Amino acid sequence: MKTSISDLVRGVLQSDRRSIARLITLIEDQEPEAFLALKQIFPATGRAYVIGITGPPGAGKSTLVDKLAKHLRRQGCSVGIIAVDPTSPFSGGAILGDRVRMADLAIDPGVFIRSMASRGSLGGLSWATADAVKVLDAGGMDYIFVETVGVGQAEVEIARHADLTLVTLVPGLGDEIQAMKAGVLEIGDLLVVNKADREGADRLVLELETMLDLSRHENSSRPAIVKTVGTTGEGIGFLWKKIEERLISMKASGELANRRKERLRQEVLEIWQRQLWQVIDSRLAGENVDRLLERIVKRQIDPYTAVEQILASIPPRFKNLWGGELRMQIRKIDHLGIAVKSLADALSFYENILGLKSAGTEVVEDQKVKVAFLPVGDSEIELLESTTADGPIAKFIEKKGEGLHHIALRVDDLEAALAELKEKGVRLIDTEPRYGAGGARIAFLHPQAGRGVLLELTERQE
Ligand code: ZN
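**Q** Describe the coordination of the zinc ion, with residues and values.
**A** Protein-derived ligands of the zinc ion are His335 (NE2), Glu382 (OE), His406 (NE2) and Glu456 (OE), with the metal-ligand distances lying across 2.1 to 2.3 Å. Every donor counted, the four donor atoms about the zinc ion form angles of 82 to 165° at the centre, which fits irregular coordination. Of note, the zinc ion draws all its donor residues from one chain, in the sequence arrangement H-x46-E-x23-H-x49-E. Pair noted here: His406 is in strand E12 (residues 403-411) and Glu456 is in strand E15 (residues 454-459), with a separation of 50 residues, a long-range link.

This is the structure we're talking about:
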């Protein structure tokens, strides 16, 4: 059975490993449920420290992360590890191969390890990684390591999601210079010379010092250089001390808060861009882009005006655009509309016999009806009497007799709901909202859509 979103969210918040793993998979697949769950877990994020680790392949990053994780476990902290491989098209097993030696960590309930790999665009991966970090954060991890393979633009992108980034280098690989060229050093808050028992370690440290003298900007604090031997664990305690020191000073100076704020700003801009693109894309499809192009070719319209027209056709109050089926939310049955010949006669039954209380009668000119609303629990019964012989209610009674006329469903955003229904090709009676009884904004769907039942959508201030 499929778990519901609320179950999934509850599971993540209770640090349930299966829920955490499942939500990350949904994120990788960009499933609509992922966005709904991410919305709900967001208040529980922002607690974990996120540490990025990058550097050339073979620099021993995984081993370093292992050792750091174990160090933190001994201090009673929980640890999440996300291993990102932008070069691999497969997920789930991409980096797990060289994670075999982490078997003891993998069975530790205080450690969560996950591999993520490129599925399509790099931008998508960077974004999915950021969302996966949120899941681990909401899942209660104290520290989250984001480990990337390689030294390219992808690593820089992914490092943007970290509070602090370690750049790992090793002597004798010949990759150092390349790494510097790629600008990876610019993102390093700490530089780690791993495999420091190898020859050339001191020379590398010296090279890096010189490099830092030349390239660092004055306003960013100079990164410390730490020597480690990942395999033996030498220098790990000192490295962690340096990481902690850096985090503490970043916290004190406000730099940490600034970085996090900047990260959220970038995220909002990215979501905004993606969302807008989606809307424009769907509009273009709806507009029949060929027809539009034809007009441009014939010089009946210029490309600028064409785009202006597309933009103008976007509903001003669109929201909840994530996730196809799940955008519109029906809150409850707002009321049941019953067509009656005489309001007074009907009220004598509903009030005197059933004991309901009318909240008053009202004439809705627009629909040629006089209505009475009788609250029933969380919903209401609406009695409708036609004010003219040719009104829709009169015609309804003429055809079918008195009886249930419509079911009204409460929505939060009527315009968005209508836009969505239109987009999905649902037949509507009202394509624009109009005003119903009690100042509510309403719109009717075609009875065919409701399978023979006239459905009304209602948006009202409670
Ligand atoms: Zn109604």
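Having seen the model, we can carry on.
**Q** So what's going on with the pairing of E12? Which residues, and what values?
**A** Burial of E12 is extensive: seven of the nine residues sit out of reach of the surface. Alignment of strand E8 (residues 330-339) against E12, held across eight bridges, turns out to be antiparallel. Counted as the bridge partner of Lys332 is Arg410 from E12. Pairing between E12 and E15: five bridges, direction parallel. Residue pairing across strands places Leu409 opposite Leu457, the latter belonging to E15.

**Q** Give a description of the pattern of salt bridges that names residues and reports values.
**A** Counted according to the given criterion, the structure contains 25 salt bridges. In this structure, Lys227 engages Asp202 in a salt bridge whose closest nitrogen and oxygen atoms are separated by 2.6 Å. On the criterion of sequence distance, the pair formed by Lys227 in strand E7 (residues 224-227) and Asp202 in helix H10 (residues 201-215) is long-range, its members being 25 residues apart. Overall, the relative accessible area of 40% leaves Lys227 in the partly exposed class. The exposure class assigned to Asp202 is exposed, which follows from its relative accessible area of 53%. Two residues, Arg410 and Asp334, come together in a salt bridge whose shortest N-O distance is 2.6 Å. Taken together, the residues span a long stretch of sequence, with Arg410 in strand E12 and Asp334 in strand E8 at a distance of 76 residues.

Definitions and limits used
Residues numbered from 1 in each chain as written. Predicted model: local features only at pLDDT ≥ 70, side-chain atom pairs only at ≥ 80, totals over all residues. Heavy atoms only, no water. Donors = N, O, S within 2.8 Å, 3.2 Å for Na, K, Ca; no water. Tetrahedral: all angles 85-135°; square planar, octahedral: opposite > 155°, others 65-115°. Helix = DSSP H or I, 4+ residues; strand = E, 2+ residues; numbered from the N terminus. Buried < 20%, exposed > 50% of the residue type's maximum accessible area, 1.4 Å probe, protein only. Pairing = 2+ DSSP bridges. Salt bridge = Lys/Arg side-chain N within 4 Å of Asp/Glu carboxyl O.

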